[in-house]
Amino acid sequence: MIQTVTDAAAALRAGTTTSVELTRAAIAAADASDAEVGTYLHRLDEYALDRAAEADAELARGEDRGPLHGIPVGVKDIIAMAEGPTTAQSLVLDRAWGADKDAPVVARLKAAGAVITGKTSTMEFACGMPDDTKPFPVPRNPWNPDTWPGGSSSGTGSGVASGMFLAGLGTDTAGSIRIPAAFCGVSGLMPTFGRVPKSGCVPLGYSLDHIGPLARSARDCAAVLEVLAGLDTSDPDCVDAPFTAPAFDGDLSGMRIGVVREGHFPGHADPALAPAFDAAIAVLAEQGAQVVEVTLPFREEMITADMVTMGCEALAYHRNDLAGRWGDYYAATRAMLVTGAMVSGADYVQAQRVRRVAQDALAALFETVDVIAAPTAAVGAPTFASLAAPGGGIDVGELFSLIFTPYWDSVGNPVLALPMGFTGDGLPLSLQLAGPAFGEAAILRAGDAFQQSTDWHLRVPQLADVTAA
Amino acid sequence: MDDLTMVRALLDAAGITPSETELAAYAPEYLTRRASVDALYAVPQARYTDPALRFRAGARLEDWAR
């Protein structure tokens, strides 16, 4: 079974598979599992098969667009695609906003020859946990459908894990690429803020949103980032920072890895977390890395800054619709959005001042280490029941006592989430590798070296195993 | 002013009128959230720091659609 973009690209060029075959396998996986795990909001089967046939014809003529040519890819449904629709998993989003338009990242995928198979499920507007009160699927985890696949890029995570596509787009504002990567047992990359244009994506946090890939492997994430990264002036935050994947030789000699434990092993962490994390660090050391214990500067403050910033920036976008269409939002979305009204404008500005201080302190730390390693979450995927809050929605405080992602959104550094083992209940555990600003090459090298020595990233949930080609 | 009254007033000022059930769920979080936000003002290194915000004169809107 072809599981990775890298292997699929090699097989296409070796003539041992075709894009149409890859796309048919992806469609078969969706036929088998999508109804149960709710990966897609909108499938594009016929469109994808047409694009796959075009890709095969182009490759046969020697017209090679690169490693994503002919590869099935999913797109999170807060990102506009002309073949749409784009709904943000909400009754509220004006369908005309994204109609007949491609976001810059979608245009880049198309230009690279990617075969987009559909729009994937998400938390409403990337922040509200879906329930059964609205006409959208509730995303579920393919490892155990009674558990949350993570979010908000839920469908992209479950789709990669289930083989419905080989890579997909997600977004990350407080962890929404890395959390589904962690809970679905796949790899996910949050690039440096501004490296990938976020125009054409429904905003959650204007100064926090990152578009990035989920895929099986670090090497696959690198291939997707090469396509996505680079200046687009329609996004005022986008910078001129294209990306070229580094050499993946598996040798981490000379790489200094700072290991963070403080605040990442709460009393209610899964008992398998510490052994799995220690084993992962040992693998990195075996590849030549020097390991040292470090502490994240301003850890609590950056978590607060992320919540304040996201709440305020999101409420500005949603305030009029909240007033007029309260009941059309999911309860969890409403609960998140109202937090923006509970802080002042001065609080927002102060959060931005402390973000600047933390960025500087973190940059100083990265003068002493090349990569920082920490768990992505303290547990495997939680059950839906355990996440429920009184009055509807999710208990955000409980959730973020278990997940260690928002810090990195506040500072804007790149972070790669990788599978590193399983809980006793058979749910994936995940490692985060963070780098200095624009340091994606280092974290991808480290992640690839880890994956050259382990096979966690190749494990397939039993739900998807029956569809293996 | 108790938390419930405070939260009701804040949301009302923002034009938001949740149900009493939802309001009762939001209110207990307010104090916890307020304490963590107040802690941001206690970061001494931020006293004279510019916020991570920038306004550029002459900036124009550009259509993102491709």
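Residues numbered from 1 in each chain as written. Chains lettered and ligands numbered in written order. Predicted model: local features only at pLDDT ≥ 70, side-chain atom pairs only at ≥ 80, totals over all residues.

1. Considering the overall build of chain B
Line of reasoning, step 1. Along its length, chain B carries two helices and zero strands.
Line of reasoning, step 2. A compact globule built from 66 residues would reach a C-alpha radius of gyration of about 11 Å, whereas chain B, at 19 Å, exceeds it by more than 25%. (Helix = DSSP H or I, 4+ residues; strand = E, 2+ residues; numbered from the N terminus. Rg over C-alpha atoms; globule rule 2.2 N^0.38 Å.)

2. Here's the deal with the overall build of chain A
Line of reasoning, step 1. Within chain A, the regular secondary structure consists of 16 helices and 11 strands.
Line of reasoning, step 2. For 469 residues, the compact-globule estimate of 2.2 N^0.38 gives 23 Å, and chain A sits close to it at 20 Å.
Line of reasoning, step 3. Considered along the principal axes of its C-alpha atoms, chain A spans approximately 60 × 55 × 45 Å.
Line of reasoning, step 4. Considering only residue pairs separated by 6 or more positions, chain A has 79% of its internal contacts joining residues 24 or more positions apart. (Contact = placed C-beta atoms within 7 Å.)

3. Quick notes on the pairing of strand 11 (residues 428–434) of chain A
Along any regular strand, the residues point their side chains to alternate faces of the sheet.
Residues and elements named next belong to chain A.
Line of reasoning, step 1. Across the seven residues that make up strand 11, a large majority, seven, are buried.
Line of reasoning, step 2. With burial as the criterion, each face of strand 11 is covered, one bearing Pro428, Ser430, Gln432 and Ala434 and the other bearing Leu429, Leu431 and Leu433.
Line of reasoning, step 3. The pairing of strand 9 (residues 371–375) with strand 11 spans four bridges and is classified as antiparallel. Paired with Ile372 across the two strands is Ala434, which belongs to strand 11. (Buried ≥ 20, exposed ≤ 12 C-beta atoms within 10 Å, placed from the backbone. Pairing = 2+ DSSP bridges.)

4. A closer look at unusual backbone geometry
Residue and element names in this part refer to chain A.
Line of reasoning, step 1. Backbone torsion omega between Gly84 and Pro85 reads 5 degrees, so that peptide bond is classified as cis.
Line of reasoning, step 2. With respect to the helices and strands, the residue Pro85 is situated in the loop between strand 2 (72–76) and helix 4 (104–111).
Line of reasoning, step 3. Residues Gly151 and Ser152 are joined by a peptide bond in cis, for which omega reads 15 degrees.
Line of reasoning, step 4. Inspection of the secondary structure puts Ser152 in the loop between strand 3 (115–120) and helix 5 (154–162).
Line of reasoning, step 5. Here Ala126, not a glycine, exhibits a phi torsion of approximately 70 degrees, which is positive.
Line of reasoning, step 6. Its location among the elements puts Ala126 in the loop between strand 3 and helix 5.
Line of reasoning, step 7. A positive phi angle, close to 65 degrees, is found at Phe438, a residue other than glycine.
Line of reasoning, step 8. Among the residues examined, Phe438 registers 19 C-beta atoms within 10 Å and is labelled partly exposed.

5. Some thoughts on the environment of Cys238(A)
Residue and element names in this part refer to chain A.
Line of reasoning, step 1. The residue Cys238 is located in the loop between helix 7 (218–228) and strand 7 (256–260) in this model.
Line of reasoning, step 2. Cys238 gets classed as buried once you count the C-beta atoms within 10 Å, which come to 20.
Line of reasoning, step 3. When the C-alpha atoms of Cys238 and Val196 are compared, they prove to be 6.5 Å apart, with 42 residues separating the residues in sequence.
Line of reasoning, step 4. Aside from chain neighbours lying at most four places away, what touches Cys238 is Gly194, Pro197, Leu231 and Asp232.

6. A few points about the interface of chain B and chain A
Line of reasoning, step 1. On the chain A side, the residues contacting the 34 residues of chain B number 39 residues.
Line of reasoning, step 2. Only helix 1 (3–13) and helix 2 (20–40) of chain B provide two or more residues apiece to the side of chain B that touches chain A.
Line of reasoning, step 3. At 12 residues, helix 2 of chain B tops the list of elements feeding residues into the side of chain B that touches chain A.
Line of reasoning, step 4. For the side of chain B that touches chain A, the per-class residue count stands at 22 nonpolar, five polar and seven charged. (Nonpolar A, V, L, I, M, F, W, Y, C, P; charged D, E, K, R; others polar.)

7. Overview of the packing of helix 9 (residues 299–325) of chain A against helix 11 (residues 345–365) of chain A
Packed helix pairs are specified by the crossing angle of their axes together with the interaxial distance, meaning the distance between the axes.
Residues and elements named next belong to chain A.
Line of reasoning, step 1. One can describe the packing of helix 9 onto helix 11 by two numbers: an axis separation of 9 Å at closest approach and a directional angle of 140 degrees. Relative to helix 11, the element helix 9 is oriented oblique. Along this stretch, helix 9 crosses helix 11, giving a crossing that reads as left-handed. Contacts between helix 9 and helix 11 pair Glu301, Met302, Ala305, Val308, Thr309 and Cys312 from the former with Asp347, Tyr348, Ala351, Val354, Arg355 and Ala358 from the latter. (Axes fitted to C-alpha atoms, helices over the stretch in contact; angles between N-to-C directions. Parallel < 35°, antiparallel > 145°, perpendicular 65-115°, else oblique. Left-handed = near helix turned anticlockwise from the far one by under 90°.)

8. As for the sheet that holds strand 7 of chain A
Sheet strands associate in pairs through backbone hydrogen bonding, adopting either a parallel or an antiparallel arrangement.
Residue and element names in this part refer to chain A.
Line of reasoning, step 1. Strand order in the open sheet formed by 11 strands is 1-3-2-4-6-5-10-11-9-7-8, with mixed pairing between adjacent strands. Of all the strands in the sheet, the pair left with one neighbour each is strand 1 (40–43) and strand 8 (290–294). For this sheet the average axis-to-axis angle between neighbouring strands, irrespective of direction, equals 30 degrees.
Line of reasoning, step 2. With seven bridges joining them, strand 10 (residues 415–422) and strand 11 adopt antiparallel strand pairing. Its bridge partner lying in strand 11, Pro419 is registered against Ser430.

9. With respect to the confidence of the model for chain B
Line of reasoning, step 1. Averaged over every residue, the pLDDT of chain B is 93; residues scoring 70 or more account for 100%.
Line of reasoning, step 2. Interface confidence for the predicted complex, expressed as ipTM, amounts to 0.95; the pTM equals 0.97. (pLDDT = per-residue confidence, 0-100.)

10. Thoughts on helix 4 of chain A
Line of reasoning, step 1. For helix 4 of chain A, a buried count of seven out of eight residues is recorded, marking the element as mostly surrounded by other parts of the structure.
Line of reasoning, step 2. Taken together, the buried positions of helix 4 of chain A are Pro104(A), Val105(A), Val106(A), Ala107(A), Arg108(A), Leu109(A) and Lys110(A).

11. Details of helix 2 (residues 19–37) of chain A
Line of reasoning, step 1. Helix geometry: helix 2 of chain A is bent most strongly at Asp31(A), by close to 40 degrees.
Line of reasoning, step 2. Taken residue by residue, helix 2 of chain A has Ser19(A), Leu22(A), Thr23(A), Ala25(A), Ala26(A), Ile27(A), Ala29(A), Ala30(A), Ser33(A), Asp34(A) and Val37(A) as its buried positions. (Bend = angle between axes of the 7 residues up to and from the residue.)

12. Focus on the environment of Trp408(A)
Residues and elements named next belong to chain A.
Line of reasoning, step 1. Locating Trp408 in the fold gives a position in helix 14 (residues 406–411).
Line of reasoning, step 2. On the basis of neighbour count, Trp408 is assigned to the buried category, with 27 C-beta atoms found within 10 Å.
Line of reasoning, step 3. Note: C-alpha distance between Trp408 and Ala346 (62 residues apart in sequence) is 23 Å.
Line of reasoning, step 4. Ignoring sequence-local partners within four residues, the contact set of Trp408 consists of Met190, Asn413, Val415 and Ala434.

13. Let's talk about the environment of Trp143(A)
Residue and element names in this part refer to chain A.
Line of reasoning, step 1. Relative to the helices and strands, Trp143 resides in the loop between strand 3 and helix 5.
Line of reasoning, step 2. Taking the C-alpha atoms as reference, Trp143 lies 11 Å from Phe422; in sequence the two are 279 residues apart.
Line of reasoning, step 3. With residues up to four places along the chain from it excluded, the contact list for Trp143 reads Gly185, Ala381, Gly426, Leu427, Pro428 and Pro461.

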